[in-house]
Structure formats: C-alpha cells, structure tokens
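Structure at a glance
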Protein chains: 2
Amino acid sequence: MERTASHAIDRLEALCREKQTRVCVGLDPRLAELPEELVQRYVRRWGRTREAAAAAFREFGRRVLEAVAPYAAAVKLQSAFYEEYGPAGIAALEETIRLARAAGLWVILDAKRGDIGSTAEAYSRAYLGEPELWGKERSAPAADALTVHPYLGEEGLLPFVETCRCRGRAVFVLVRTSNPGADRLQNLPVRWPEAASGGQNPGAGREARLYQVVAEWVAELGRGGRGRAGFTDVGAVVAGTAPQEAAHLRALLPETFFLVPGYGAQGAGPAEVKAAFAPGGTGAVVNSSRGLIFAYRREPYRELYRGEEFEPAVAEAARQMRDELNAALKG
Amino acid sequence: MERTASHAIDRLEALCREKQTRVCVGLDPRLAELPEELVQRYVRRWGRTREAAAAAFREFGRRVLEAVAPYAAAVKLQSAFYEEYGPAGIAALEETIRLARAAGLWVILDAKRGDIGSTAEAYSRAYLGEPELWGKERSAPAADALTVHPYLGEEGLLPFVETCRCRGRAVFVLVRTSNPGADRLQNLPVRWPEAASGGQNPGAGREARLYQVVAEWVAELGRGGRGRAGFTDVGAVVAGTAPQEAAHLRALLPETFFLVPGYGAQGAGPAEVKAAFAPGGTGAVVNSSRGLIFAYRREPYRELYRGEEFEPAVAEAARQMRDELNAALKG
C-alpha cells in the first residue's frame with residue numbers, strides 16, 4: 001500500500017542515490033543465448049515444451065537478478081521473450097517481476113503497449129494496476145513502469161497517465177529509439193503545431209522533427225505529475241546512440257526522466273549517454289541488455305564463466321558499467 | 001501446412017467471397033459487459049480469481065463465435081482484455097483463436113505490438129509463427145494476422161513482414177485510427193521525404209500528413225507480397241470514422257487490404273466505410289466490437305435476449321451488419 005502512495009520516479013531516484021548507480025539491467029532472455037546446460041536440464045525433464053523454456057527463464061532471471069542487484073537500480077524486462085512461450089512464459093514473467101521487486105530493484109516492463117480508451121485501460125490494469133473486479137485477489141505483481149507507443153494520440157496515453165497518478169506508477173513514452181532505422185518516422189520534418197504548446201513554445205509554427213513534437217507532448221502529459229525529486233511520472237525513451245538529440249531533448253524536457261537504451265552492444269558508451277542526464281547526474285537510467293546478462297559469452301568477461309556459474313561474469317559486467325557511468329557523470 | 005503455403009489475404013478474400021460478407025467481429029471481452037449470470041457461474045465455482053474470469057471469456061468467446069460464424073469472415077481478438085488476467089487469460093486467448101479457426105473464421109490478433117530486431121522477431125514468432133526451438137511441439141495456434149505500430153521504423157516492421165512472407169500471414173500497420181485524438185500525431189503536417197518514394201512519388205518534397213507517409217511506407221513494405229486477389233500481405237488499419245481520409249488512402253494504396261475499425265458504436269455507418277473498399281467491394285473488412293458482441297445489452301436487439309441466451313441477439317446484429325454493408329457496396 002505504501003508503494004501506491006509514493007511517486008514512482010521519486011522511488012527510483014532514491015534507489016539510484018542509495019546504491020550510487022544509474023544502471024538498468026535489460027532482461028531479454030533469448031533462449032538461444034541462455035547457458036546450454038541450464039536449458040537442457042529442463043528439456044530433459046519436460047521435453048521441448050513451452051513449460052521447459054519458461055522454467056529456464058525463471059531460473060536464469062532469478063540468478064541474473066541476484067548477480068546484478070548490488071550494482072543496478074532498475075531492471076527492464078522484455079515482455080516479447082516471455083510472451084513467446086504462452087501462459088507458461090507469462091507465469092515466468094510474473095514470477096520474475098516479483099523476484100525483482102523482492103531484490104529491491106525498480107521494475108520496468110518493456111512491453112511497448114499502445115491502444116486507446118478502454119483497451120488502454122485494460123493494459124494499464126494488467127501491468128501497472130490490478131485486474132478489474134478481481135482487485136482483492138490479485139495474484140500478479142504490478143511493474144513500476146511500462147513502455148508505451150505515442151502514435152494513437154490522446155486516448156492512447158491518458159489512461160496510462162491516470163493509472164500512474166492514482167497508483168504511483170510511471171510510463172516511458174517512446175520518443176527517440178536506438179535502432180538505425182528509427183529516423184524513418186521519428187526524424188521526419190514536421191510543422192510544429194501551435195495548439196500543442198499553448199502559444200508559449202518558441203518553436204511554434206516552425207519546422208521541427210517528429211520526435212520533438214512527441215517530446216513536447218510528454219512534457220504536457222507530465223504536468224501535475226512531478227515528484228519531490230523534480231521529475232514527472234511520464235518519462236521518455238531516449239536513445240543513447242544519438243547524443244546530439246539526447247542533449248536537445250534534455251534541454252527541452254528538464255523535468256522528464258529518461259530511460260536510455262543502446263548502451264554497450266548497441267554502440268553507446270559513457271560519453272554518449274551523459275547528454276541524457278540532468279544536472280547533477282540525475283534524471284536518467286541507462287539500460288544494457290545483452291552486454292550484461294550474456295556477458296559470460298563475450299570478452300572480457302568470458303574467462304569468469306566456469307562450469308554453470310555465469311553469475312560472476314554478469315556481476316562484474318554490471319559493476320564495471322556502474323563505475324564507467326559514475327566516472328563519466330562526475331567528470 | 002497448406003495454410004503456410006497460401007497467401008493470407010487470398011484466404012481472407014476467398015472467405016469473404018464464399019460467405020458474401022465483409023464483417024469482422026471484434027471480440028473485446030470486457031468483463032463488466034459480459035452476461036452477469038455467465039460470470040457468476042464461474043465466480044461461484046472458483047471465487048473472484050483470474051481463472052474464473054478466463055473461464056468466463058472462454059465460454060463467452062465460444063458462444064459468440066458460433067453465433068456470428070455464418071455472417072462474418074474474420075474475427076479480431078483484443079489481446080489486452082485477455083492479458084489482464086495473466087496466464088489464465090492467455091490460455092483463454094489461445095483456446096479462442098483455436099475455436100475461431102475451427103469455425104472457419106480468419107483470425108486477427110489485435111495486440112498492436114511494436115518493437116525492433118530480435119524482439120520484433122520474438123513477437124512475430126509468438127503470434128504468427130511458432131516459438132524458437134520448440135517448433136515441433138507448438139501447442140498454441142497462430143493468428144492469421146497481427147496489428148503493429150509504425151513508430152520504430154524499419155527494424156520495427158521488417159521482422160513481421162518476413163514472417164508474413166514465409167508463413168502465409170499478414171500484418172495490419174496502424175495508419176489512421178478511429179479515436180478522436182488520433183489526429184494529434186497522425187495528421188501532423190510533414191514534409192514528404194524524397195528518399196522513401198524512390199523519386200517516383202509525385203508528392204515528394206511537398207507537404208503531407210504523417211499518416212500519408214506511413215501509408216506510403218506500407219505500400220513499399222507490401223511489394224513482393226502481392227497475392228492472386230491483388231492485395232499484399234502488409235495491410236493497413238484505416239478508420240471508418242474519417243471517410244475523406246479513407247478515400248484518399250484507398251487511392252494511394254490500391255493494393256493494400258484495409259482493416260476498418262469504428263463501425264457502429266464508434267460512429268461510422270455503411271456509407272462512411274464504403275470509401276475504404278477497392279472497386280468491386282473488395283480489399284477491406286469492417287470491424288464492429290461492442291455493437292455486435294454486446295448487442296443483447298442494447299436496442300434494438302435487447303428484446304432477443306432471454307434468460308442466458310444472448311446468441312440470437314448477437315447473430316441478428318451480425319446478420320444485419322453484413323446486409324447493410326453488402327447493400328452499401330452494391331449501391
């Protein structure tokens with residue numbers, strides 16, 4: 001209950017301060033990259049079934065969470081990989097959310113949902129609240145935050161924002177993503193709408209990029225949802241791979257918390273992601289997925305991988321990322 | 001196996017021709033609108049649990065599908081309402097997909113997914129293909145089509161398109177949606193990119209609307225995926241509530257199949273949706289959700305609802321919608 005009352009981003013900023021870290025661990029359990037022995041153990045027991053895959057995800061997730069907990073503030077669970085295995089996969093996702101919260105991590109469900117009206121309400125109940133009429137017996141743990149698509153307009157975001165306000169949750173709106181083809185739509189030149197800015201936006205009527213219009217809208221949705229740490233409960237996904245755009249967005253959105261993907265495997269380093277932070281090194285967490293959770297498969301951490309023990313490599317990769325980020329933010 | 005080889009939109013066009021209908025039934029099982037007695041029967045058995053909700057969805061879905069099968073070509077399942085009830089909800093969704101296919105309906109999963117690279121691949125395996133490494137023992141039925149978001153660019157759509165080509169499936173890209181706030185982003189004035197059209201687009205360099213740029217891209221993605229009926233496997237969601245825009249999109253996309261939401265409860269009638277069809281009344285299906293599946297709660301079908309028997313009202317609403325559409329398309 002006390003979680004409901006508190007502000008989601010305040011909780012995250014407090015965790016970052018306490019643990020002195022800006023690391024978000026991306027838990028994307030690609031079956032083909034999991035330790036072979038771990039997967040085979042469940043296959044021997046249950047055959048090549050969805051239940052075996054889900055059981056492997058469960059164990060892998062638990063062990064990754066234990067390894068990274070000292071070095072990370074948040075964990076971002078990639079819903080797609082769990083959904084692939086049906087009801088068993090979803091049960092594994094729910095258990096992993098529960099374990100992550102128990103480990104003191106702030107939980108982002110990266111499900112990139114986007115729908116309107118009563119459907120958006122159902123999604124926000126599913127992942128940030130509790131199911132309709134079944135409130136008292138809810139058996140699934142809610143995430144602290146959900147990623148969402150902006151394309152559907154007002155009716156696509158307002159139901160999520162309402163849940164955030166009432167229940168102390170957050171959303172991250174996709175603004176500028178880290179994939180090379182992102183600029184196809186996100187960087188389209190658009191005429192900045194006058195209406196959206198209420199006449200106060202100095203850019204109104206001039207040409208902008210689509211992602212800047214979405215950013216302006218994120219700021220608007222965040223009004224009324226600012227916590228004590230100075231950030232609102234409507235965050236933005238801002239790629240670390242486009243530092244100039246990140247810097248521009250940081251200036252445009254001083255009160256918005258950024259979820260920054262693209263670190264490590266996708267190409268951004270500490271110098272690139274620094275632009276996404278607010279003064280004092282606050283207002284953002286940086287996500288790395290493969291670079292951390294599959295560190296045991298790659299140099300320089302591979303040598304720490306012995307037998308079935310992948311945890312030392314994963315922990316060391318998370319520790320190094322924490323230190324790299326902290327050094328860059330201090331410098 | 002023969003489904004894999006055939007073209008998804010060819011299958012749908014064949015069904016529409018055989019059954020002489022352009023109706024798509026939207027199965028959005030909002031728990032609060034289900035027949036009270038039906039829900040209570042499961043609550044008495046299992047309490048106010050997610051399993052009880054899922055069991056109610058299962059029975060409701062089965063009975064709706066039986067009632068509408070003679071009058072509809074397709075069914076669109078709204079994933080959010082099932083997801084709300086966790087693993088049990090997903091199991092109910094899978095069973096309902098199975099029943100819909102057995103009833104001879106073409107199945108659209110309205111999950112509005114949108115992610116990149118290996119995550120998009122996982123989503124397309126989850127809903128249009130089969131899970132990785134578990135192919136031979138797949139226990140979930142794939143849908144014929146999935147709805148997807150365009151905001152992430154190339155890497156967000158290509159993995160889905162590849163699955164469509166290889167496995168005889170389709171996607172519907174969100175182009176112009178039926179909610180009042182849709183124009184916030186979708187109707188933004190943008191400068192039409194020169195590159196996207198390969199120099200052949202007469203609009204290049206001129207001002208357009210964002211949804212028109214997305215539409216152009218849908219046409220581009222569809223190249224190489226055209227079936228015998230003349231339509232590609234990359235479809236578009238085009239609202240029936242914006243007839244002028246639908247007419248414009250139809251002219252711009254002669255080979256694109258349209259999924260047309262917004263009929264009935266959302267305000268579009270037969271005259272409005274006609275603009276979305278290709279010559280000969282082909283190239284589109286029209287979706288109605290509440291107006292059909294909850295017809296027993298509303299005039300003029302309420303009087304057909306007796307005891308627990310909601311099927312006559314649902315069947316009659318579907319029959320009337322079929323006839324209205326056919327009359328408009330002939331006229």
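Residues numbered from 1 in each chain as written. Chains lettered and ligands numbered in written order. Predicted model: local features only at pLDDT ≥ 70, side-chain atom pairs only at ≥ 80, totals over all residues.

Description of the overall build of chain A
Just so we agree on the cut-off: Each helix corresponds to a stretch of at least 4 residues labelled H or I by DSSP, and each strand to a stretch of at least 2 residues labelled E; elements are numbered beginning at the N terminus. Based on C-alpha atoms, the radius of gyration is set beside the globule rule, defined as 2.2 Å times the residue count to the power 0.38. Once C-beta atoms are placed from the backbone, each residue is buried if 20 or more other C-beta atoms lie within 10 Å of its own, exposed if 12 or fewer, and partly exposed for counts between those two. Placing a C-beta atom from the backbone of each residue, one calls two residues in contact when those atoms lie within 7 Å.
Within chain A one finds 14 helices and 10 strands. Relative to the compact-globule value of 20 Å for 331 residues, chain A shows a C-alpha radius of gyration of 20 Å, a close match. Referenced to the eigenvectors of the C-alpha coordinate spread, the extents of chain A come out at roughly 65 × 50 × 40 Å. Burial statistics for chain A: of 331 residues in total, 60% are counted as buried. Considering only residue pairs separated by 6 or more positions, chain A has 70% of its internal contacts joining residues 24 or more positions apart.

Re the relation of the copies chain B and chain A
Two copies of a chain can be linked by a rotation about an axis combined with a shift along that same axis. For clarity, the threshold we go by: The copies were overlaid by least squares, fitting only the C-alpha atoms of residues that reach a pLDDT of 70 or more in each copy.
When chain B is fitted onto chain A, the two copies agree to an RMSD of 0.0 Å after a turn of 180 degrees and an axial shift of 0.0 Å. The superposition operator between the copies reduces to a two-fold rotation axis.

A few points about the environment of Leu304 of chain B
Residues and elements named next belong to chain B. For Leu304, the location among the structural elements is in the loop between helix H13 (290-293) and helix H14 (311-330). C-beta crowding within 10 Å serves as the criterion here: with 17 such atoms nearby, Leu304 is assigned to the partly exposed category. Placed 10 residues apart in sequence, Leu304 and Val314 show a C-alpha to C-alpha distance of 9.0 Å. Residues contacting Leu304, with those up to four places away along its chain left out, are Tyr296, Pro312, Ala313 and Glu316.

Notes on the packing of helix H7 (residues 117-128) of chain B against helix H8 (residues 154-167) of chain B
Residues and elements named next belong to chain B. Where we set the bar: All axes are obtained by fitting lines to C-alpha atoms, using only the stretch in contact for helices, and the reported angles, taken between N-to-C directions, cover 0 to 180 degrees. For a crossing to be left-handed, the near helix must be turned anticlockwise from the far one by less than a right angle; the clockwise case is right-handed. Residue type decides the class: Asp, Glu, Lys and Arg count as charged, Ala, Val, Leu, Ile, Met, Phe, Trp, Tyr, Cys and Pro as nonpolar, and the leftover types, Gly among them, as polar.
Taken N-terminus to C-terminus, the directions of H7 and H8 make an angle of 35 degrees; their axes are 8 Å apart at the nearest point. Two packed elements cross with a definite hand, and for H7 against H8 that hand is right-handed. Of the residues in H8, those in contact with Gly117, Ala120, Glu121, Ser124 and Leu128 of H7 are Glu155, Gly156, Pro159, Phe160, Thr163 and Arg167. For the contact of H7 with H8, the per-class residue count stands at 4 nonpolar, 4 polar and 3 charged.

Observations concerning the pairing of strand E3 (residues 106-113) of chain B
Residues and elements named next belong to chain B. Inclusion rule: One requirement defines pairing of two strands: DSSP has to find at least two bridges between them.
Among the 8 residues in E3, 8 count as buried, and that is most of the element. Of the two faces of E3, the one holding Trp106, Ile108, Asp110 and Lys112 and the one holding Val107, Leu109, Ala111 and Arg113 are both buried throughout. Strand direction decides the pairing type here: E3 and strand E4 (residues 145-148), joined by 3 bridges, are parallel. By the bridge assignment for E4, Ile108 is matched with Ala145.

Description of the nonpolar core
Put simply, the test is: Each nonpolar core consists of buried Ala, Val, Leu, Ile, Met, Phe, Trp, Tyr and Cys residues. Their C-beta atoms, within 7 Å, join them into a set.
Of all hydrophobic cores here, the largest spans 244 residues; its most connected members are Val314 of chain A together with Val314 of chain B. Filtering out sequence-adjacent residues up to four positions away, Val314 of chain B remains in contact with Val64, Ala67, Val68, Leu292, Ile293, Ala295 and Tyr296 of chain B.

A word on the sheet that holds E4 of chain B
Across a sheet, paired strands are connected by hydrogen bonds in the backbone, their directions being either parallel or antiparallel. All names here are of chain B. The sheet built from 8 strands closes into a barrel, its strands ordered E1-E2-E3-E4-E5-E8-E9-E10 with parallel pairing. Looking at each pair of strands side by side, their axes are set apart by 30 degrees on average, direction ignored. Alignment of strand E1 (residues 23-27) against strand E2 (residues 74-78), held across 4 bridges, turns out to be parallel. Looking across to E2, one finds that Leu27 is bridged to Leu77.

Structural notes on the interface of chain B and chain A
Of the residues lining the interface, 60 residues belong to chain B; the matching set on chain A comes to 60 residues. At the level of secondary structure, the elements contributing two or more residues to the side of chain B that touches chain A comprise helix H4 (50-68), helix H5 (79-83), helix H6 (86-102), H7, H8, helix H9 (183-186) and strand E6 (189-191) of chain B. No other element matches H7 of chain B, which puts 7 residues into the side of chain B that touches chain A. Its residues assigned to classes, the side of chain B that touches chain A comprises 28 nonpolar, 15 polar and 17 charged.

Details of H6 of chain B
Applied cut-off: To estimate how far a helix should extend, the number of its residues minus one is multiplied by 1.5 Å.
Taking 1.5 Å of rise per residue, the 17 residues of H6 of chain B would be expected to cover 24 Å, and the 25 Å separating its terminal C-alpha atoms lies within 8% of that figure. Among the 17 residues that make up H6 of chain B, 12 are buried, leaving the element largely enclosed by the rest of the structure. Residues of H6 of chain B that are buried sit in contact with helix H6 (86-102) of chain A together with E1, H4, E2, H5 and E3 of chain B. Looking one or two places after H6 of chain B, you find Gly104 of chain B, whose phi comes out positive at around 80 degrees.

Structural notes on the confidence of the model for chain A
For clarity, the threshold we go by: One number per residue, pLDDT, summarises how confident the predictor is, and it ranges from 0 to 100.
Averaged over all residues, the pLDDT of chain A equals 92, while 92% of them reach at least 70. Two numbers describe this predicted complex: its pTM, 0.95, and its ipTM, 0.94.

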